[in-house]
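In case you want the letters, here they are:
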Amino acid sequence: MTTKKSPQTALIHSDYRPPAGFDAFPTAIHHASTVLFENVAALRSGQWKDKNAYTYGLHGTPTTFTLEARLAEIEGGHQCLLAPSGLAAIAMVDLALLRAGDDVLLPDNVYNPNRELGRWLEADFGITVRYYDPLAGAGIAELIRPNTRLIWTEAPGSVSMEVPDLPAICAAARARGVLVALDNTWSAGLALNGFAHGVDIVMQALTKYQSGGSDVLMGAVITRDRAIHDRLSMAHMRLGLGVGADDAYLVLRGLPTMRLRFEAHDKSARKVAAWLAARPEIARVLHPALPDCPGHATWQRDFTGAGGLFSVLFDARYTEAQTDRFVDALQLFGIGYSWGGANSLAIPYRIAHMRQNWRDAGILVRFNIGLEDADDLIADIAQALEVMA
Ligand SMILES: *Cc1c(COP(=O)(O)O)cnc(C)c1O
C-alpha cells in the first residue's frame with residue numbers, strides 16, 4: 001500500500017502477507033461471506049456453477065469444494081453438493097426435480113421428515129405423493145404414472161429396516177424415464193454402491209458416520225450425470241443451501257477414520273443383534289444381516305457390510321409401559337435421535353401405528369450401537385431386560 005494509514009484503518013488493512021509454501025495434512029478452513037476478486041474482469045468472468053472460480057461464500061470455498069470432491073469420490077460419483085442437513089439435501093432434490101403436476105413415489109418406511117416434506121409438497125405445491133411397499137421390487141412398475149418424475153429409495157428404510165431391491169426398482173424406473181434417488185445414509189457410501197445398482201442420485205446425511213462426532217449437521221447430494229447435477233445446483237443456489245466452514249472441516253476430519261469406525265459399529269451391532277435374537281423377550285430382530293429382516297437376501301446380494309443401526313420388535317405381550325421401563329433402565333445407551341456417533345442410543349417406536357403392514361407388531365426399539373465394548377452393551381441390555389420384567 002502506498003497511501004499512509006491512520007491507526008483506525010490499520011485495524012482493517014495490513015500490508016503483511018504470510019510467506020507462501022505452507023502445507024499440512026488438514027484442509028484449511030476458509031471462512032468467507034465476501035470472496036475477493038483480483039479485478040473487475042475476474043468478477044465478471046467467474047462461473048459459480050462450474051466451480052472454476054470463487055464468487056461468494058455461499059457457493060463454495062476451497063474447504064467446501066474439497067469436501068464435495070472427496071464425498072463424490074467415496075460414493076463413486078462425479079459431482080456433489082453440500083446442504084446444511086440431511087433433510088435439506090432431501091428437500092434440494094425434491095425442489096430441483098419436481099414441479100406442480102408431477103408425481104413422486106416414497107417408500108412406506110421412508111425417513112419420517114422426508115414423509116413430512118411429502119405432505120407439504122402435496123398440500124401446497126400441487127405435487128402428488130404416493131407411498132409404495134419398500135419390498136415392491138419390480139412391482140413398482142405398476143405404480144409409475146405418466147407424470148411420475150422421481151422415486152425415493154432408502155436402503156434399508158428407517159426404523160423397520162426393510163431392504164429394497166434397488167436394481168429391480170431402478171430398472172423399472174429407467175424403462176419409464178423416472179429418476180431414482182437413494183438415501184444411502186445407513187451404509188455411509190461404504191457398504192452399498194448406489195450408482196452400481198442403477199440409482200441416479202445418492203443422498204447422504206453426513207451428520208451420521210462421516211462426521212462421527214454427534215456434533216455436526218450436514219447433508220450431501222451426489223450424482224454422476226452432469227445434467228441432473230446442474231438442475232440440483234440451481235436449486236442449491238436459489239435456496240441458499242451453503243454450509244459453514246467449521247462444520248465442513250469437522251466432516252473432513254472424520255473421513256480418514258470412517259471405515260475403521262464403520263467396521264467397528266458393524267461388528268458390535270451384529271454381536272448385540274445376534275444376542276438379542278436369542279432372547280425370549282424379543283419377537284424379531286430387524287438387522288439386515290440377520291435372516292429375520294425383510295429383504296435380508298437382498299442385503300446379502302447387494303451390500304458389503306452393515307451399519308450400527310438396527311431395530312428389535314418386543315414380543316407383543318410386553319406393554320408400552322414395560323418397554324419404556326426397559327429403555328429408561330439402559331445405562332450405556334442415551335435416549336435421543338440421530339446416530340452414527342461413538343455413543344450408543346435407543347429409541348422406542350409405536351411401529352404398529354406407523355406402517356401399513358405392521359398392525360399386530362409389539363413395541364419396536366431402535367438401537368444405534370456406538371463404539372463402546374460390545375460385551376458391556378450386552379450386559380447393560382441384559383440388566384435393563386430384567387428391570388422391565
Ligand atoms: C438422519 C437421517 C437423515 C437426515 O439427516 P439430518 O442431518 O439429521 O437432517 C436422512 N435420512 C436418514 C436415513 C437419516 O437417518
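Look up: the structure comes first, before these words.
Draft legend 1. Spotlight on the sheet that holds strand β10 (residues 345–349). Strands sit in the order β8-β9-β11-β10 across an open sheet of 4 strands; the sheet is antiparallel. Each having just a single partner strand, β8 (282–286) and β10 make up the two edges of the open sheet. With direction set aside, neighbouring strand axes in the sheet form an average angle of 20°. With 5 bridges connecting them, β10 and strand β11 (residues 364–368) associate as antiparallel partners. Across the sheet, residue A346 finds its bridge partner in β11, namely F367. Together, β8, β9 (309–314) and β11 form the strand contacts of helix α9 (residues 258–277), whose direction differs from that of β9 by roughly 10°.

Draft legend 2. View of the side chain of S158. Of note, S158 is situated in the loop between β4 (148–154) and α6 (166–175). What makes S158 buried here is its relative accessible area of 15%. If near-sequence neighbours (up to four positions away) are discounted, S158 is found in contact with N109, V110, Y111 and R355.

Draft legend 3. Examining the site of the ligand more closely. Neighbouring residues of the ligand: 13 residues in total, closest G86, L87, D183, T207 and K208. The contact in question runs from an oxygen atom of the ligand to an N or O atom on the backbone of G86, over 2.7 Å. Here an oxygen atom of the ligand and a side-chain polar atom of T207 are 2.5 Å apart. When the ligand sits alone it has 380 Å² of accessible area, and the protein chains cover 91% of it. For the shell around the ligand, the secondary-structure elements that each account for two or more residues are α4 (86–97) and β6 (201–205). Looking at side-chain class alone, the shell around the ligand contains 6 nonpolar, 4 polar and 3 charged residues.

The rules behind each value
Residues numbered from 1 in each chain as written. Predicted model: local features only at pLDDT ≥ 70, side-chain atom pairs only at ≥ 80, totals over all residues. Heavy atoms only, no water. Pairing = 2+ DSSP bridges. Helix = DSSP H or I, 4+ residues; strand = E, 2+ residues; numbered from the N terminus. Axes fitted to C-alpha atoms, helices over the stretch in contact; angles between N-to-C directions. Contact = heavy atoms within 4.5 Å. Buried < 20%, exposed > 50% of the residue type's maximum accessible area, 1.4 Å probe, protein only. Near = heavy atom within 4 Å. Polar contact = N/O pair within 3.5 Å; in protein donor to acceptor, adjacent residues only side chain to side chain. Areas by Shrake-Rupley, 256 points an atom, 1.4 Å probe, with all protein chains shown as cover. Nonpolar A, V, L, I, M, F, W, Y, C, P; charged D, E, K, R; others polar.

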